[in-house]
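Structural description and commentary
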Amino acid sequence: MEQSSSERKQTIRHQFDSFCKMVLHGEKVNYEKEMEYRGRHEISLSQVSEEELNRLNMMDKYISETEIFRVLDYDIEVKDELISEALKYLP
């Protein structure tokens, strides 16, 4: 027996509704797994100790902030400006 046009539309609506619910359920499960993973592996920065934060600290080094001196075939990098100026006067 053939379905009428309105019955076919109703069937398609039910199938689409079912499909949407299935997709949303899958996304909910994925979201919950992601939140569980983050809960096990991540902590807030406010919970990190000062010591641990200092270990993560990094200072950028720029060539323009250092002076290179050649001593006995070695390149010596001097960061302090006063020491650098004093070494320029040495033979």
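It should be emphasised that the depicted structure is a prediction, and the values quoted were computed from it without experimental measurement. (Residues numbered from 1 in each chain as written. Predicted model: local features only at pLDDT ≥ 70, side-chain atom pairs only at ≥ 80, totals over all residues. Heavy atoms only, no water.)

This part takes up the overall build of the chain. From N to C terminus, the chain includes three helices and two strands. Reading the helices (α) and strands (β) of the chain from amino to carboxyl end gives α-α-β-β-α. Rg of the C-alpha trace for the chain: 34 Å, well past the compact-globule value of 12 Å for 91 residues, more than 25% over. Looking at the chain as a whole, 5% of its 91 residues are labelled buried. For the chain, the exposed surface amounts to about 9300 Å²; the carbon and sulfur share of it is 56%. Mean positive and mean negative side-chain charge positions of the chain (13 and 20 charges, respectively) differ by 13 Å. (Helix = DSSP H or I, 4+ residues; strand = E, 2+ residues; numbered from the N terminus. Rg over C-alpha atoms; globule rule 2.2 N^0.38 Å. Buried < 20%, exposed > 50% of the residue type's maximum accessible area, 1.4 Å probe, protein only. Areas by Shrake-Rupley, 256 points an atom, 1.4 Å probe, with all protein chains shown as cover. Lys, Arg positive; Asp, Glu negative; His and termini not counted. Charge placed at Lys NZ, Arg CZ, Asp CG, Glu CD.)

Further remarks concern unusual backbone geometry. A positive phi is found at Leu-72, a non-glycine position, where the angle reads about 50°. Inspection of the secondary structure puts Leu-72 in the loop between β1 (67-71) and β2 (74-78). Backbone geometry at Asp-73 places phi at a positive 65°, although glycine is not the residue there. Examined against the element boundaries, Asp-73 turns out to sit in the loop between β1 and β2.

Sheet topology places β1 next to β2; five bridges connect them, and they run antiparallel. Its bridge partner lying in β2, Val-71 is registered against Tyr-74. In textbook terms, the turn of a hairpin is the stretch between consecutive antiparallel strands, and for β1 and β2 this stretch comprises two residues, one of which, Leu-72, has a positive phi near 50°. (Pairing = 2+ DSSP bridges.)

Here we take up the pattern of salt bridges. Scanning all chains against the criterion turns up seven salt bridges. Put simply, Lys-21 and Asp-17 hold a salt bridge, and the shortest N to O gap is 3.2 Å. Within this pair, Lys-21 and its partner Asp-17 are both found in helix α1 (residues 5-41), separated by four residues, close to a single helical turn. Take Lys-21: its relative accessible area is 53%, and that puts it in the exposed class. Judged by its relative accessible area of 35%, Asp-17 is partly exposed. A salt bridge links Lys-88 to Glu-67; the shortest N-O distance between them is 3.7 Å. Separated by 21 residues along the polypeptide, Lys-88 in helix α3 (residues 81-88) and Glu-67 in strand β1 bring together distant segments of the chain. Exposure remark for Lys-88: the relative accessible area of 44% places this residue in the partly exposed category. One connected set of salt bridges, linked through shared partners, spans Glu-67, Glu-85 and Lys-88. (Salt bridge = Lys/Arg side-chain N within 4 Å of Asp/Glu carboxyl O.)

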